[in-house]
Amino acid sequence: MATIRIFKGRLYYVFYYKGVRCTEKTSLEAAKENVKRAEKFTNLIQAEIDNGIFQYEKHFPHGAKIALFTSKKEDIPFNQYFADWMEGKVLKETTRRNWTSAFWKHLYPFFKDRVISTITRADVRRFQRSLTEKGLEPSTINDKPMKVLRMMLNQAYVDEIIPKNPALAVKRLPQGMTDVDPFNLEERHAVIEGFQRYASLYAPYVVCGFWTGWRPNEACALKWSRVDFQQGKILIREGRVLGQTGIPKSSGSLRDIDVLEPVHQALLAQKAVSWMVGTYVFLDRKQKPLNQEIFRQKIWEPMLKRLNVRYRPPYQMRHTFATLAISAGENVNWVARMLGHKSPVVTLEKYNRFIPNLTRADGKALLGMGEMGKRFPMEEFISQ
């Protein structure tokens, strides 16, 4: 006979089904009205059991005995399930490449051809630990192999191939703040002047990188149709990775950037180079859209070495803009909007140690640092 029990102030259903004693916890406290509700439900359970129509998974989809009473689908090997799962996904090409790479580089060597229903929570934890032992950064582990594994196992649960998702209770690895290692004022000037002197084709790109806060992939995807000289705005609507242009992952990245004077000068210089060539603003020597990885390896890194400036990747131009703007006293809301952060809270958390005070909101304080306009005479490039 189905009954209710009270344990530590909570109600439990107790009943026998197919000879197995089942005890299922409810979300109800042991109040008088809840006891009446629970009694009605236990009567329903018993009636369905007596009439042979009781479905355990219908009433208790996450119950403790779910594995005993649900009919198993044909077990699928781990690698086959990945192929089937990916075939049904609609993804950007770069995302598909990244997930596939994470699977074959990390997931398959560990799980190989194991039947997916045999993977346990302990296996997931061991896999996570093995990646740590290989020296991978927590952020890489969380956002690539573990992310793919969680999504796969969740879909297997939805498909009723496994009764529970074994990755559900495995926590993400703690990770620190993204490494913010900006250039200081002198280094910024040295880098810009170095490009102006030795690689003038890329000088406007570098100036804009230091004075907009955009991401390199956003700059490489920028089209002239997104540059509004009249309103003084740059419309960030796309990103370009591995030769593929697409919309950013987060809606917050879609934004309008204020064109400060150094950026205005740089874009005028770039207009003379690429306006009549095609769609994209920044091009390489072959007049193809700038590839951020090739630029980093072939142009940026040798230039910093030549200038005797400590190496940092081009992405640090974005951090340089943010830290200099904040330390100059620009309003954090304006900085957050330029960067495409969800809220100023994100900006404050990321750059808190660079915040002496918060006063302005128009870019003038930032423009006053170093008199950039005098240091980068774009008129020379325009005349050329």
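Above this text sits the structure in question.
Residues numbered from 1 in each chain as written. Predicted model: local features only at pLDDT ≥ 70, side-chain atom pairs only at ≥ 80, totals over all residues. Heavy atoms only, no water.

Caption draft 1: Just the overall build of the chain, in detail. In terms of helices and strands, the chain carries 19 helices and 8 strands. Taken over 384 residues, the chain has a buried fraction of 43%. The long-range fraction of contacts in the chain, counting pairs at least 24 apart against all pairs at least 6 apart in sequence, stands at 63%. (Helix = DSSP H or I, 4+ residues; strand = E, 2+ residues; numbered from the N terminus. Buried < 20%, exposed > 50% of the residue type's maximum accessible area, 1.4 Å probe, protein only. Contact = heavy atoms within 4.5 Å.)

Caption draft 2: Quick look at the pairing of strand β2 (residues 10–17). With 6 of 8 residues buried, β2 lies mostly within the body of the structure. Examined bridge by bridge, β2 and strand β3 (residues 20–29) share 7 bridges and lie antiparallel to one another. Bridge assignment links Arg 10 to a residue of β3, and that residue is Glu 29. Hairpin connection, β2 to β3: the antiparallel pair is bridged by 2 residues, and Lys 18 has positive phi, about 55°. (Pairing = 2+ DSSP bridges.)

Caption draft 3: Up close: the sheet that holds β2. Taken together, the 3 strands give an open sheet; going across it, the order is β1-β2-β3, and neighbouring strands pair in antiparallel fashion. Whereas interior strands pair on both sides, the edge strands pair on one side only; in this sheet they are β1 (3–7) and β3. Averaged over neighbouring strand pairs, the angle between their axes works out to 30° when direction is ignored. In this fold helix α1 (residues 32–50) packs onto β1, β2 and β3, with an angle of close to 10° to the strand it touches most, β2. (Axes fitted to C-alpha atoms, helices over the stretch in contact; angles between N-to-C directions.)

Caption draft 4: Here's a closer look at helix α9 (residues 185–198). Under the 1.5 Å per step criterion, the end-to-end length of α9 is 20 Å for 14 residues, consistent within 8% with the ideal 20 Å. Among the residues of α9, Glu 187, Arg 188, His 189, Val 191, Ile 192, Gly 194, Phe 195 and Gln 196 are the ones counted as buried. Where α9 begins, the capping side chain belongs to Asn 184, and its oxygen is found 3.1 Å from the backbone nitrogen of Glu 186. (Expected span 1.5 Å × (residues − 1). Polar contact = N/O pair within 3.5 Å; in protein donor to acceptor, adjacent residues only side chain to side chain.)

Caption draft 5: Quick peek at helix α4 (residues 78–87). Taken residue by residue, α4 has Phe 78, Tyr 81, Phe 82, Trp 85 and Met 86 as its buried positions. For α4, the angular spread of buried residues about the axis comes to 130°, placing them on one side. Elements in contact with the buried residues of α4: α5 (93–111) and α8 (145–158). (Arc of directions from axis to C-beta.)

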